[in-house]
Amino acid sequence: MTDDRSTPLQKLLTYASLAVILALVLIPYGYVIVTAFKPAAEVYEISWLPSEISLDAWRDVFRINHFHLYLFNSLIAGLGSAVLAVAIALPGAYIFARKEFPFREPFFYMIVGTLIFPFILLIVPITIAWIRVGLFDTFLGLWLAFQIFAVPYSMWILRGYFARLPRHLEEAAQVYGCTQFQAFWRVMLPMAKPVIVSVLFLAFLQGWSDFLFSNMLTTGDGPRTASVAIYTSTAGGERVEWGPLMVMTLLAGIPPVILYMLAQKHLAKTFAGAGH
């Protein structure tokens, strides 16, 4: 056991600092929640508790803003991005980790190195290309655009995991009659479940919350996502409706939090093993 030799003053300062940091994090969230349930007349009043609980902003979000449609678009964008990222990165990461071939390391770091590229420089050429090939304003166009970022970091995470596994696993499976693909499918994939779940979550999160590509590659009549809808609700108008805006913010933030809670165990295993 460690011997804690901190003085009472040091402990007090530590807990006080933690309390300040916690307050800085939680107070904005608390204000968002409170404002979402305030009557419209009290939104601009400096008060934490409303005089009565109002659901008018919630009704407006669904009846006037049709925000449920944008949430559905975000769900489809996130799911498609996640599945496509894993489908592309999984075999690539396995090959880079378990197979020997010329220039393996340079090729891999060239792929991962694209993460430092400023993606905003790609938005105009991608938009032009997508319009020409018919991918503009489609879910497929969004899924493919998201892979520019999702595939490199997915491959980086998966490759690190496969590289840490013992080399004799595939050999033992092949001794018992498995082909090389069967050894990958029946042995390696089940062992990589925590990492695959982590990559699915991260790729979904990118598709769900992305603004840049979702704003430039969609229109109001297309698969516009929730993040863009939140932005457009504050742009171009004479007045910002803060009540509905807070409701939309809550609705867009709840699904990633729930998914994180479900995937937390797998995320912990993935990133705890990354340091070994």
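Residues numbered from 1 in each chain as written. Predicted model: local features only at pLDDT ≥ 70, side-chain atom pairs only at ≥ 80, totals over all residues. Heavy atoms only, no water.

A.B. asks: Teacher, can you tell me more about the overall build of the chain here?
C.D. replies: When helices and strands are counted, the chain shows twelve helices and zero strands. The linear arrangement of helices and strands in the chain, starting from the amino end, is α-α-α-α-α-α-α-α-α-α-α-α. In terms of overall size, the chain is more extended than a compact globule, its C-alpha atoms giving a radius of gyration of 24 Å where 276 residues would be expected to give roughly 19 Å. Taken along the three principal axes of its C-alpha coordinates, the chain extends 75 × 70 × 35 Å. Looking at the chain as a whole, 39% of its 276 residues are labelled buried. For the chain, long-range pairs separated by at least 24 residues make up 74% of all intrachain contacts whose partners lie at least 6 apart in sequence. By element, 71% of the accessible surface of the chain is carried by carbon and sulfur atoms, the whole surface being about 16500 Å². (Helix = DSSP H or I, 4+ residues; strand = E, 2+ residues; numbered from the N terminus. Rg over C-alpha atoms; globule rule 2.2 N^0.38 Å. Buried < 20%, exposed > 50% of the residue type's maximum accessible area, 1.4 Å probe, protein only. Contact = heavy atoms within 4.5 Å. Areas by Shrake-Rupley, 256 points an atom, 1.4 Å probe, with all protein chains shown as cover.)

A.B. asks: Just checking my understanding: could you explain the nonpolar core for this structure?
C.D. replies: In globular proteins that are soluble, nonpolar side chains generally tend to be buried together. Judged by nonpolar contacts, the single largest core of 48 residues is most densely connected at F67, L90, L158 and F162. Residues contacting L158, with those up to four places away along its chain left out, are A89, L90, A93, V195, I196 and V199. Among the nonpolar cores identified, the runner-up in size contains ten residues, and A77, W130, L135 and F213 belong to it. (Core = buried A, V, L, I, M, F, W, Y, C linked by side-chain atoms within 4.5 Å.)

A.B. asks: I'm lost on helix α1 (residues 8–36) in this one. Help?
C.D. replies: Every α-helix carries 3.6 residues per turn, so stepping three or four residues along brings you back to the same face. If you check α1, its first and last C-alpha atoms are 41 Å apart, about what 29 residues at 1.5 Å a residue would give, namely 42 Å. Of all the bends in α1, the greatest reaches close to 30° and is centred on L26; the proline P28 follows between one and four positions later. Those residues of α1 that fall on the buried side of the exposure criterion are V32, V34, T35 and A36. (Expected span 1.5 Å × (residues − 1). Bend = angle between axes of the 7 residues up to and from the residue.)

A.B. asks: Would you take a moment to explain the side chain of S74 for this structure?
C.D. replies: Mapped onto the secondary structure, S74 falls in helix α3 (residues 67–98). For S74, the contacting residues outside a window of four places in its chain are W208, T225 and A226.

A.B. asks: I would appreciate a short explanation of the packing of α3 against helix α6 (residues 139–164) in the present structure.
C.D. replies: What describes two packed helices is the angle between their axes and the distance between those same axes. Where α3 contacts α6, the two axes come as close as 6 Å, and the packing angle between them is 40°. In this view, α3 runs oblique relative to α6, as classed from their interaxial angle. Helix-helix and strand crossings are classified by hand; for α3 and α6 the assignment is right-handed. In terms of residue class, the contact of α3 with α6 is made up of 22 nonpolar, six polar and two charged. (Axes fitted to C-alpha atoms, helices over the stretch in contact; angles between N-to-C directions. Parallel < 35°, antiparallel > 145°, perpendicular 65-115°, else oblique. Left-handed = near helix turned anticlockwise from the far one by under 90°. Nonpolar A, V, L, I, M, F, W, Y, C, P; charged D, E, K, R; others polar.)

A.B. asks: Teacher, can you tell me more about unusual backbone geometry here?
C.D. replies: Excluding glycine, a negative phi dihedral is what most residues carry, and trans is how most peptide bonds are arranged. The backbone phi angle of F103 is positive, close to 60°, even though this residue is not glycine. Among the secondary structure elements, F103 is positioned in the loop between α3 and α4 (104–113). A relative accessible area of 60% means that F103 is categorised as exposed.

A.B. asks: Looking at this model, I keep getting lost on the packing of aromatic side chains. Mind explaining?
C.D. replies: The way to describe two aromatic rings as a pair is by their centre distance and the angle between their planes. Here the structure, examined in full by the defined rule, presents 16 aromatic pairs. Taking 5.2 Å as the distance between ring centres and 75° as the angle between the ring planes, the aromatic pair formed by F211 and Y231 counts as edge-to-face. Here Y231 lies in helix α11 (residues 226–232) and F211 lies in the loop between α9 (193–209) and α10 (212–216), a separation of 20 residues in the sequence. The exposure class assigned to Y231 is partly exposed, which follows from its relative accessible area of 43%. (Phe/Tyr/Trp six-rings, centres within 6.5 Å; stacked < 30°, edge-to-face > 60°.)

A.B. asks: Would you explain the environment of R59 in this entry?
C.D. replies: Looking at where R59 falls in the secondary structure, it is placed in helix α2 (residues 56–63). Along the backbone, R59 and P106 are 47 residues apart, and their C-alpha atoms lie at a distance of 55 Å. In terms of polar contacts, R59 uses its side chain to reach the side chain of D56, at 2.2 Å. (Polar contact = N/O pair within 3.5 Å; in protein donor to acceptor, adjacent residues only side chain to side chain.)

A.B. asks: Explain the packing of α6 against α9 to me, please; I cannot follow it from the model alone.
C.D. replies: Where α6 meets α9, the axes come as close as 10 Å, and the angle between the chain directions of the two elements is 165°. Viewed along their axes, α6 and α9 adopt a mutual orientation that is roughly antiparallel. Viewed along their axes, α6 and α9 form a crossing whose handedness is right-handed. Facing F146, F149, A150, Y153, S154, I157, L158 and Y161 of α6, the residues of α9 in contact are V195, I196, V199, L202, A203, Q206 and G207.

A.B. asks: In this structure, what is going on with helix α8 (residues 180–191)? I would like to understand it.
C.D. replies: The terminal C-alpha atoms of α8 lie 16 Å apart, and with twelve residues this matches the ideal 16 Å at 1.5 Å per residue to within 8%. Here α8 has its buried residues at A183, F184, M188 and L189. Down the axis of α8, the buried side of the element spans an arc of 155°, and every buried residue falls inside it. In α8, the exposed positions that point more than 90 degrees away from the buried face belong to W185 and R186. Tucked inside the fold, the buried residues of α8 contact α3, α6, α7 (168–175) and α9. (Arc of directions from axis to C-beta.)

By themselves, these observations are geometric and do not establish any function.
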